[in-house]
Amino acid sequence: MIRSRLAALAVLILAALPIRADDRSTEILRYECRTDVARRETTLFANGTIRLRKGQIGNEKMGLAELAPDKLEGFLNRLAAEDLSESKSPDPGPGGAWIERCDLRLQLPGKDLQTWQFGQYDPLPLNLSHVVRIAQELEKKVTIVKEADDLPADYEPRPGDVLRHTGDGNRYRVISFTSDNKGVELEGIDQPIELYVPKDQLRKKFTALLSRDE
């Protein structure tokens, strides 16, 4: 009888305790942008873990990073300092298959969930743009291990080179260079698109050299 009463009392005490979600799965911030073929998602969890998913939809790569407690507190303070009470999603701007549409979710400890949707070129309220920049800072802290067929460290583009795009996996051919020789003009093989990319950004934008004219 005594044991059963103690067991019942324990159940009542546990039921009265507040249910606390696991910090490892509690999202503080999630910033996701996508086109028709690719997406990138940065998530900050309550325990300081940053998760980055990036790449072709259905074939994204993932990386993780950890914030020290003081660094996490710093980011939380910066986010909390932004008055977002009047910040709303902007009216939709230009759209298209290659223009990113973004979703931003923010739920600071003890605060209600806030969400916004906007396009790559939509003008944002100042405070909301600050939060987006914080999300982009978090993204840069994560390193995704690259594939073995990355562009060589000493890669120099040549006309005729066929490269694979990091985001959508499509192929692009190097056509020519800008007059100052600092930019590269590329033509889409799988999509009718022309790109101009600074030479020092090629390794970020393209993941492999598929073929080269000899």
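Rules behind the numbers
Numbering of residues starts from 1 in each chain and follows the order in which that chain's sequence is written. Only residues with pLDDT of 70 or above have their local features reported here, since the model is predicted, and side-chain atom pairs are shown and tallied only from 80 upward, although totals for entire chains, interfaces and linings are computed over all residues. The side-chain quantities take in all heavy atoms of the structure and omit both hydrogens and water. The secondary structure listing takes helices from DSSP runs of H or I that are at least 4 residues long and strands from runs of E that are at least 2 residues long, numbered from the N terminus. Distance and chemistry together define a polar contact, namely a pair of N or O atoms within 3.5 Å, with one atom able to donate a hydrogen and the other to accept it when in protein, and with adjacent residues in sequence counting only for side-chain atoms on both sides. Only heavy atoms matter for contacts: two residues are in contact if any of them lie within 4.5 Å across the pair. Think of it in three bands: with a 1.4 Å probe and only protein chains considered, a residue is buried below 20% of the maximum accessible area for its type, exposed above 50%, and partly exposed in between. Two strands pair under a simple rule: DSSP has to find at least two bridges between them. Classification of ring pairs rests on two measures: the distance between centres of Phe, Tyr or Trp rings, Trp counted by its six-membered ring, which must be within 6.5 Å, and the angle between planes, read as stacked under 30 degrees, edge-to-face over 60 and tilted in between.

S.K.: Looking at this structure, how should I read the side chain of Glu-100?
M.R.: Within the secondary structure layout, Glu-100 lies in the loop between helix H2 (69-80) and strand E5 (101-106). A distance of 2.9 Å separates polar atoms of two side chains, one belonging to Glu-100 and the other to Arg-40. Residues contacting Glu-100, with those up to four places away along its chain left out, are Cys-33, Arg-34, Thr-35, Arg-40, Phe-118, Gly-119 and Gln-120.

S.K.: Looking at this model, I keep getting lost on the pairing of strand E2 (residues 38-45). Mind explaining?
M.R.: Taken residue by residue, a regular strand's side chains alternate between the two faces of the sheet. Burial runs high along E2: 8 of the 8 residues are buried. Burial along E2 is two-sided: Ala-38, Arg-40, Thr-42 and Leu-44 facing one way and Arg-39, Glu-41, Thr-43 and Phe-45 facing the other are all buried. Examined bridge by bridge, strand E1 (residues 27-34) and E2 share 7 bridges and lie antiparallel to one another. Note on E2: the bridge partner recorded for Arg-30 is Thr-43. The antiparallel pairing of E1 with E2 creates a hairpin that spans 3 residues between the two strands. In terms of strand pairing, E2 meets strand E3 (residues 49-56) through 7 bridges, oriented antiparallel. If you follow Glu-41 over to E3, its bridge partner there is Arg-53. A loop of 3 residues connects E2 with E3, the two strands running antiparallel in sequence, and Gly-48 in this loop sits at a positive phi of about 95 degrees.

S.K.: Sorry, what's going on with the packing of aromatic side chains here?
M.R.: Two aromatic rings, taken as a pair, are described by how far apart their centres are and by the angle between their planes. A complete count under the given rule lists 2 aromatic pairs for this structure. Both rings, one in Tyr-31 and one in Phe-118, keep their centres 6.4 Å apart while their planes meet at 25 degrees; by these two values the pair is stacked. A residue pair is termed long-range when its members are at least 10 positions apart, and Tyr-31 in strand E1 and Phe-118 in strand E6 (residues 114-119) qualify at 87 residues. Residue Tyr-31 shares its accessibility class with Phe-118, and that shared class is buried.

Remember, this is a structural readout, not a statement about activity or role.
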